[in-house]
Amino acid sequence: MAEVIVRQLTKSFGDNTVVKSVSLKADDGEFLVLLGPSGCGKSTILRLVAGLEEPTSGEIVIDGKIVNFVSPMKRNAAFVFQNYALYPHMTVFKNIAFPLATARMAKAEMNVAVQEAARILELSHLLDRLPSQLSGGQRQRVALARAIVRKPAVFLMDEPLSNLDAQLRQQTRLELMDLHQRLGITTIYVTHDQVEAMTMGDRIAILRDGELQQVASPLETYEQPANTFVARFMGAPPMNLVPVTVEGSGLSWKASGAGGLIDLDLNAMGIAQSIISVHASETLKLGVRPEHLSLAAVGRGLSGKVRFVERTGSETFVTVQMGDENVVVRCSAHESASVGEQVGLNVRIAQAQLFRADGRNLRTN
Amino acid sequence: MTVISDQDGRDLAALKRQSVSLRSLKSSVSYLVLTLFTIISVGPAIYIVSPAFRESKSLFSYPPQWLPNELYLGNFEFLLTETNYVRWAINTLIFATSVTLIALVIDTLAGYAFARMQFPLKRTLFGLVLATLMVPTAAVLAPTYLLVRLLDDWTFGIVGIDTFPGLILPMTVSPLGVFMMRQFIETLPPGLYEAARIDGAGEWRIFTRIVLPLLKPAIVVLGIFVFMMQWANLLWPLVATTRDETRVLTVGISTLQGQFVTNWGVIAAATLMTLIPITIVFLFFQKWFVQASVAGALKQ
Amino acid sequence: MVEVSATPEWAQLSMSPKEYARERFRFRRRALVPVVGFIGPFLALWSLFLAVPMGWAVWLSLNEGGLVSDAEFVGFANWTTFLKNDELQTAIKNTSTYVVVAIVVVFSLALMLASLLNNNKRGQNFFKVALYFPLLVPPIMAGMIFFFLTHYDMGVINLLLQTAGQERVNFLGANPNALLTIVGLEVWRGLGFWVLFYLAGLQSVPADLMDAGKIDGARTVRRFVRISLPTLRPLLLFAVVIALIFNFQLFDSVQALTKGGPTLGTTSIVWFIYKQLFAFQESGVAYATSLALLLMVVALTVLAYGFLGRRDDGTK
């Protein structure tokens, strides 16, 4: 059980800087998710913490000790690979026992530990098999067993579910969360799937091109994204971003865009007066999630023309075109909109976000 | 009925009918040719059986005959008692096996280092080693000979002309082996290696517990390759040995060719005796031999 | 981007750059220890028994003697002899002729047999094993066997010729027969290897290419020439270079069959070197020749890698 801190961590491969001065802290027992698109550096950070790569600069601290120049094993961090990395010529038992054998544990003790780990992951009946005789899900569990058998201080998981099919993925996700609850080991989990991140993480660290975008609880990243990237990355369908200009004074501001005029609620949106006045007459982006929009009769507020109607059975996504912009509206399953129809839009402005031209949220936290 | 035609407008169905008979004719010819070459390949060795069992004098008789009247064992007797054949055979065995073992050890170790370890100048060193991949023995014959002779003095005769170490060591250097091993090790998924490091294994443990077991086929192939090369090696042992007792089979048999008179029956017997064990081994391990020879050049 | 007004305390570096660099140095140095153990043995033997002799060969080429007497420096005298020595020129001519003929013959036969094997899968293993057999025979012993076969008086070939009422052929006693006989021997020995080599190459031609050819109506020979060969081209080039390197070192057959004769007709470059060094002790020219051979092989090796590299798009 340990705290993991990464200080101004930078990693370059030749001219390519993959991790740009990232600082993160994973508290003791926390499940921290590193989320981002491919190439954002999340796996690299994980590997740096594990000791599989050497940092270009910055410090890595595990349990209070700087481990930059400590070998992977001595860092007491276990790693679960995306493709499991099981030793193909060893039985499941030997695979799980390997870290203990390396530490020269006595045979009897080793046996107990392996059996225990196998029990937790329901592998007890597979101990004599070879990896090639196992299914993907079973191999995943062997990899996990090998990781927990050492009773490490930190778990590092690199997209462990990506190689599983959808159903198995969901099931294993729950198993992992259960495991975390039971063992309480600090875990850093890398994924590109924001659903996984949302459901599993205590906090999510979102990365893009090697830079940290936001570190917050899943709900916070969803409701109060720090910038347009996070806003679009979290949630499916993604948040609608519409260009608007704002004008007004005091506490009364309006946003005008292709679809019409909307009143803004600065208090609910958490935007300070001083900040918004700086950006008057600039082109900003208004972010509203599909579930915070609803169709209405054409009236004073926003309006547009229906372009697409997608029914998923449990709900309907209606794409409305306003000028050059398309917004997606989440409606009930029986919403009766039809393509080409002119409709009005209601906005739950309290839930909306305003972003600067450079993407940053105007909200002050 | 629609007739399907190919791009030249020929009736495909008719074509198919015709080509069936054409095909079987073609394949008969093919098999004939293959059989012919099989006979050519194996024939000479079978041919040598006869002179081995005949008295040398009778070999030159006229009219020439092939089948011996009776099986004459005198050649073999001579070979085993009057010449150092047995000694040569033992020497060759020791020589070839030692070179193979040593080469395997150093090549796998070096191959692993080049494949998976980081160190300064790795690329340069590997490039240098590659450049010497196919250095002909003849090109460095003189200096190697001089070197071994020098070492004779420096190592108090342990490594020198007419010694085993002197004979063996220069032949253990096989850049090809290192190259092969490196290529093979590089095909192993790096994840294995990383998982092992996380599990606390040091380089040596990773090498022995993880890499070596997975390297077995490559080791067998390389081993056979090296063994076969040294088994047939003539030039170096010819130069590195001066006494009859230290010779290897290739050199020894060539000495059976006297300056003026050659006892051909004995030579045939010697050739036969040398070929039989290796043929038997070959027949048992065919698959590995075939792989070994192609691997020698086709390694990419 | 998250703009933090100030770096929080936990995110501040605790090591000075100097400390950091020092620790990193120590770490990297420790990591080198196992490297030495792994690469040391090979590198040691390689340096001693390959690199040193190679360097020495360069030095020797500028010297005379050294085997029996002490070496004396003669500068480029050896190289002038190299260019003027008749025997050496003959050796070069013989070896070159041999190399060209042998490679052409072996490759043609091997390609033909390989494609036959490729198209007729039955009994493939049997044929492969049979064709492989000559490779088991050490060259010198193969030489002995061939000596028998081609012997003027007792060789089976002449025997058969006689029974057929034809003239006997003096295989080894006359030029150019002798050289051709050596070609025959080496072709016999090498065929198995090259058949397997090309078979592997042919099998790596993607099946869909061949199928496309069949559908397009191409007959077997045409399929071979138009599809298989071009695909094999980089392999072929590589093979030619390899074959060149091996064949230029012709020695064992010469030792077994002709000992360089008759009248230098089959003296090969390596045979020349060997004779000069150990029979005549006239080492100067031999040294120069050795070095020339060495340089040629190294150049060819680099060339071969050029061909390989082109195939693999850059992987070494």
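Residues numbered from 1 in each chain as written. Chains lettered and ligands numbered in written order. Predicted model: local features only at pLDDT ≥ 70, side-chain atom pairs only at ≥ 80, totals over all residues.

Peer 1: Quick question: what am I supposed to make of the overall build of chain B here?
Peer 2: When you go through chain B residue by residue, the secondary structure sums to 15 helices and zero strands. Here chain B holds 300 residues, and 44% of them are scored as buried. For chain B, restricting intrachain contacts to residue pairs at least 6 apart in sequence, the fraction spanning at least 24 positions comes to 70%. (Helix = DSSP H or I, 4+ residues; strand = E, 2+ residues; numbered from the N terminus. Buried ≥ 20, exposed ≤ 12 C-beta atoms within 10 Å, placed from the backbone. Contact = placed C-beta atoms within 7 Å.)

Peer 1: What exactly am I supposed to notice about the overall build of chain A here?
Peer 2: For chain A, the count of helices and strands is ten helices and 20 strands. Over its C-alpha atoms, taken along the principal directions, chain A stretches across nearly 80 × 45 × 35 Å. Relative to its 365 residues, chain A shows a buried fraction of 43%. Partitioning the intrachain contacts of chain A with sequence separation of at least 6 by distance along the chain shows that 66% fall at a separation of at least 24.

Peer 1: Looking at this structure, how should I read the interface of chain A and chain B?
Peer 2: Accessible area lost during the coming together of the parts is what is often quoted as the interface size. Each side of the interface is counted separately: chain A has 15 residues, and chain B has 13 residues. Residue assignment for the side of chain A that touches chain B shows that the elements contributing at least two residues are β6 (77–80) and α2 (92–102) of chain A. Examining the composition of the side of chain A that touches chain B, we find that three residues originate from one element, α2 of chain A, more than from any other. When grouped by side-chain class, the residues that make up the side of chain A that touches chain B number twelve nonpolar, three polar and no charged. (Nonpolar A, V, L, I, M, F, W, Y, C, P; charged D, E, K, R; others polar.)

Peer 1: Please explain helix α5 (residues 166–183) of chain A as it appears in this structure.
Peer 2: Its 18 residues give α5 of chain A an end-to-end C-alpha distance of 26 Å, which sits within 8% of 26 Å, the value for a rise of 1.5 Å per residue. A positive phi of about 65° marks G184 of chain A, the residue just after α5 of chain A. (Expected span 1.5 Å × (residues − 1).)

Peer 1: Teacher, can you tell me more about the nonpolar core here?
Peer 2: It is characteristic of soluble globular proteins that their nonpolar side chains tend to be buried jointly. Of all hydrophobic cores here, the largest spans 275 residues; its most connected members are L34, V49, I96, A145, L156 and A205 of chain A together with V195 of chain C. If you tally residues by element for this core, the top one is helix α7 (residues 177–203) of chain C, at 16 residues. Contact partners of A205 of chain A, with chain neighbours within four places excluded, come to L24, L32, V33, L34, L35, L212 and V215 of chain A. (Core = buried A, V, L, I, M, F, W, Y, C linked by C-beta atoms within 7 Å.)

Peer 1: Looking at this structure, how should I read the interface of chain C and chain B?
Peer 2: Between chain C and chain B, the residue contacts involve 79 residues of the former and 78 residues of the latter. For the side of chain C that touches chain B, the element with the most residues is helix α1 (residues 17–60) of chain C, which contributes 17 residues. Of the residues contributing to the side of chain C that touches chain B, the split by class is 64 nonpolar, eleven polar and four charged.

Peer 1: Teacher, can you tell me more about the pairing of strand β8 (residues 186–191) of chain A here?
Peer 2: All names here are of chain A. Here β8 lies mainly inside the structure; six of its six residues are buried. Of the two faces of β8, the one carrying T186, I188 and V190 and the one carrying T187, Y189 and T191 are both buried. As judged from the five bridges shared by strand β3 (residues 31–35) and β8, these two strands associate in the parallel manner. Each residue of the ladder has a partner; that of L32, found in β8, is I188. In terms of strand pairing, strand β7 (residues 154–158) meets β8 through five bridges, oriented parallel. Residue pairing across strands places V154 opposite T186, the latter belonging to β8. (Pairing = 2+ DSSP bridges.)

Peer 1: Where do I start with the environment of V320 of chain A in this structure?
Peer 2: All names here are of chain A. Following the sequence through the fold, V320 ends up in strand β17 (residues 315–322). Residues V320 and L302 lie 18 residues apart in sequence; the distance between their C-alpha atoms is 11 Å. Setting aside chain neighbours within four positions, we find V320 in contact with G304, K305, V306, R307, V327, V329, V343 and L345.

Peer 1: Looking at this model, I keep getting lost on the sheet that holds β6 of chain A. Mind explaining?
Peer 2: Note on sheets: strands pair through backbone hydrogen bonds, and any given pair is parallel or antiparallel. All names here are of chain A. Taking strand neighbours across the sheet as the criterion, the six strands line up as β6-β7-β8-β3-β9-β10 in an open arrangement whose pairing is mixed. Looking along the sheet, the strands with just one partner apiece sit at the ends: β6 and β10 (211–216). Neighbour-to-neighbour, the strand axes of this sheet turn through a mean angle of 15°, independent of strand direction. (Axes fitted to C-alpha atoms, helices over the stretch in contact; angles between N-to-C directions.)

Peer 1: What should I look at first to understand helix α10 (residues 190–198) of chain B in this one?
Peer 2: For the α-helix, the turn length of 3.6 residues means that residues three or four positions removed from each other point alike. Turning to α10 of chain B, its buried residues number three or more, namely Y193, E194, A195, A196, R197 and I198 of chain B. Packed against the buried residues of α10 of chain B are α1 (42–50) and β6 of chain A together with α5 (85–116) and α11 (203–231) of chain B. Where α10 of chain B ends, the next residue or the one after it, G200 of chain B, has phi of about 95°, a positive value.

Peer 1: Help me understand the domain arrangement of chain A in this model?
Peer 2: Residue and element names in this part refer to chain A. Assigned domains of chain A: these are domain 1 (4–232) and domain 2 (241–355). Relative placement of domain 1 and domain 2: their C-alpha centres are 40 Å apart. Contact residues are listed per partner, giving five residues for domain 1 and five residues for domain 2. (Domains from an automatic or database assignment.)

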